[in-house]
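Now for the letters of each chain:
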Amino acid sequence: LFRLTVKRVFSTSHSSVDSEEMKKFQRLAHKWWDEEGEYSALHSMNDIRVPFIRDTLLSMTSDCHLGSPLSGVKILDVGCGGGLLSEPLGRLGASVTGIDPLEDNIRTADQHKSFDPVLAKRIQYKSSSLEEIVEESMETFDVIVASEVVEHVADLEMFIKCCSQVLKPEGSLFITTINKTQLSYVLGIVVAEKIMGIVPDGTHEWEKFVPPEELERLLESNGFSVKAVNGMLYNPLSGSWSWMESTSVNYAVHAVKLGPQGQSSPTEALSEMESGQPSATAGPGM
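Not measured: the values here are computed from a predicted model. (Residues numbered from 1 in each chain as written. Predicted model: local features only at pLDDT ≥ 70, side-chain atom pairs only at ≥ 80, totals over all residues. Heavy atoms only, no water.)

A. Broad picture of the overall build of the chain. In terms of regular secondary structure, the chain is built from eleven helices and eight strands. Buried residues in the chain amount to 50% of all 286 residues. For the chain, contacts bridging at least 24 residues in sequence account for 73% of all contacts bridging at least 6. With an accessible surface of roughly 13600 Å², the chain has 54% of that area assigned to carbon and sulfur atoms. (Helix = DSSP H or I, 4+ residues; strand = E, 2+ residues; numbered from the N terminus. Buried < 20%, exposed > 50% of the residue type's maximum accessible area, 1.4 Å probe, protein only. Contact = heavy atoms within 4.5 Å. Areas by Shrake-Rupley, 256 points an atom, 1.4 Å probe, with all protein chains shown as cover.)

Below you can see the structure in the form of structure tokens.
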């Protein structure tokens, strides 16, 4: 019965995939790995988003594999595009599944991965929406990454629900996205798209930007505990990203799916008792 219910709730007639958004990305599917091209800001974002994911995960475990610190960690990269984030996570030892509804993106990602035999073993790509894999992947992943994705989905609450369903209890969810402020309109759309062409014109719609308060509320009402919300700043002159206090434009969130009793994990509770202070995962990640 449960399987039937799941199927009904996630039938493709109501999907988190926005077909208009798909058309935008279709045109650029072959451009993902051009570091000077339309996705250059996403390439440089790896300089901060990859260490943020790695260090947050390492702070939550006592197992450390030198050289491949994320060895044994199963990661789902939702909206993986051409694999810009899947590949560095694979290099850190993780077993990565990258999904994207656009077949052309997956083709690009597969082709690029094939140049590296190590990555070819660690990463698998699939042309699929998140809700399409829910049924076969219940509580399968240790980590979900949705970087620069939630501002493009059609139904954010459904997207978060699906994340919760495919994540193991006490698993981590990492999101990077854009706040819905006047400043994000000016910098994210007027400057980045219309004036400087850092991002292709029409990539973003301000109405779909997500305030951190709204994202936190959705996460907490769907069984997550939000551990960190950090502001991010892009410098178009240097083409580099840095962390900042303010979340008024870009920001990153780390949330943990609560365990069966709605508690944080036993190891986290134990380390708090031993040290007499909150664990590293509770404060800001940076």
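So that's the structure; there's more coming.
B. Geometry of the environment of Thr203. Looking at the secondary structure, you find Thr203 in the loop between α9 (182-195) and α10 (212-221). A sequence separation of 179 residues divides Thr203 from Lys24, and the C-alpha atoms of the two residues are 6.8 Å apart. Dropping the residues within four chain positions of it, Thr203 is found in contact with Glu21, Lys24, Phe25, His152 and Glu193.

C. Seen up close, unusual backbone geometry. Although it is not a glycine, Glu139 sits at a positive phi angle of roughly 45 degrees. Within the secondary structure layout, Glu139 lies in the loop between α7 (130-133) and β4 (141-147). Look at Glu139 and you get partly exposed, because its relative accessible area is 43%. Phi at Glu148 takes a positive value of approximately 60 degrees, unusual for a residue other than glycine. Residue position: Glu148 is located in the loop between β4 and α8 (156-166). By relative accessible area, which is 14% here, Glu148 ends up buried.

D. Focus on the confidence of the model for the chain. Summary statistics for the chain give a mean pLDDT of 87 and a share of 86% for residues scoring 70 or more. Low pLDDT (under 50) marks residues 1-13, which in the prediction has twelve contacts with non-local residues, meaning those over four places away or in another chain. With pLDDT under 50 throughout, residues 264-286 is counted as low confidence; its partners more than four residues away or in other chains account for 26 contacts. (pLDDT = per-residue confidence, 0-100.)

E. Up close: the packing of aromatic side chains. As enumerated under the stated definition, the model contains five aromatic pairs in all. Both rings, one in Trp32 and one in Tyr39, keep their centres 3.8 Å apart while their planes meet at 5 degrees; by these two values the pair is stacked. Both residues of the pair, Trp32 and Tyr39, count as buried. Aromatic side chains Phe52 and Phe174 sit 5.7 Å apart centroid to centroid with 80 degrees between the ring planes, which places their arrangement in the edge-to-face category. Of this pair, Phe52 sits in helix α3 (residues 40-58) while Phe174 sits in strand β5 (residues 167-178), placing them 122 residues apart in sequence. Phe174 shares its class with Phe52; the two are buried. Taken together, Phe52, Phe174 and Trp243 form an aromatic cluster joined through their ring pairs. One cation-aromatic arrangement involves Lys74 over Phe141; the distance from NZ or CZ to the ring centre is 5.8 Å. The side chain of Lys180 reaches across the aromatic face of Trp206, ending 5.3 Å from its centre. (Phe/Tyr/Trp six-rings, centres within 6.5 Å; stacked < 30°, edge-to-face > 60°. Lys NZ or Arg CZ within 6 Å of the ring centre and 35° of its normal.)

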